[in-house]
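Structural features, examined
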Amino acid sequence: MEKGKAVMGSGRRWAVDFTDNSTTPSSRDIPDPPGFTRASQDQDDSTTSRQKKDAEANWKAQKAWEVAQAPFKNLLMMGFMMWMAGSTVHLFSIGITFSALWQPISALQGVGKVFEPYKDSKVDLLGPKLLFIALNLGGLALGVWKLNTLGLLPTHASDWVSSLPPAQEVEYSGGGIPLH
């Protein structure tokens, strides 16, 4: 029977016989070339796997730094949007300011989740996490600054007048002729 031809009498309509009936020696019968040993191939595999693990750790560290620097782009965009909103109190400027406050707060709450994919015993995440936190605190400071420029933060004495006690009367004047 020829190699790769269908077997017709076996009950199946199509079947392929992959047995090698040739007279050529197989690759298992050929001895290893001089200087090659199977043990060195196993050592190469362990070296290769160690190199792959090191490359993966370097990739994770690089990606962690990229994630840590991402709030900087958001900071620039939010600063531009706040500048475009102006310094008057209206719906758009309040919405932009609320967004500028909410995004860093929610990002700071999820620092652990953001860096979860990059956890590895060989990757130090302290630096990227600190940068991520610092940039988000900068974004929060930008939002608070915008609140102040809109006049929505109570930073002046006139903002607290309602909580001050009324002034004491120093003198009383009266007199004159009452007219009835």
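The rules behind the values
Residues numbered from 1 in each chain as written. Predicted model: local features only at pLDDT ≥ 70, side-chain atom pairs only at ≥ 80, totals over all residues. Heavy atoms only, no water. Salt bridge = Lys/Arg side-chain N within 4 Å of Asp/Glu carboxyl O. Helix = DSSP H or I, 4+ residues; strand = E, 2+ residues; numbered from the N terminus. Buried < 20%, exposed > 50% of the residue type's maximum accessible area, 1.4 Å probe, protein only. Patch = residues over 30% accessible without salt bridge, like charges linked within 9 Å, V, L, I, M, F, W, Y side chains within 5 Å. Areas by Shrake-Rupley, 256 points an atom, 1.4 Å probe, with all protein chains shown as cover. Expected span 1.5 Å × (residues − 1).

1. A short note on the pattern of salt bridges
- For the structure on display, the rule yields four salt bridges.
- Taking the shortest distance from any N to any O, the salt bridge between Lys-122 and Asp-54 comes out at 3.1 Å. You can see Lys-122 sitting in the loop between α3 (111-114) and α4 (126-150) and its partner Asp-54 sitting in helix α1 (residues 38-85), a full 68 residues away along the chain.
- Judged by its relative accessible area of 34%, Asp-54 falls in the partly exposed class.

2. What about a nonpolar patch on the surface?
- Among the surface-exposed residues, Phe-80, Trp-83 and Met-84 lie close enough to one another that they form a single nonpolar patch of about 410 Å² accessible area.
- In this fold, Trp-83 is placed in helix α1.
- Taking the relative accessible area as the measure of exposure, Trp-83 reaches 63% and is therefore exposed.

3. Side note on α4
- With 25 residues, α4 should reach 36 Å at 1.5 Å per residue; the first-to-last C-alpha distance of 36 Å fits that figure.
- Three or more residues of α4 are buried, namely Pro-128, Phe-132, Leu-135, Asn-136, Gly-139, Gly-143, Lys-146, Leu-147 and Leu-150.
- One or two positions beyond α4, positive phi appears at Gly-151, with a value near 80°.

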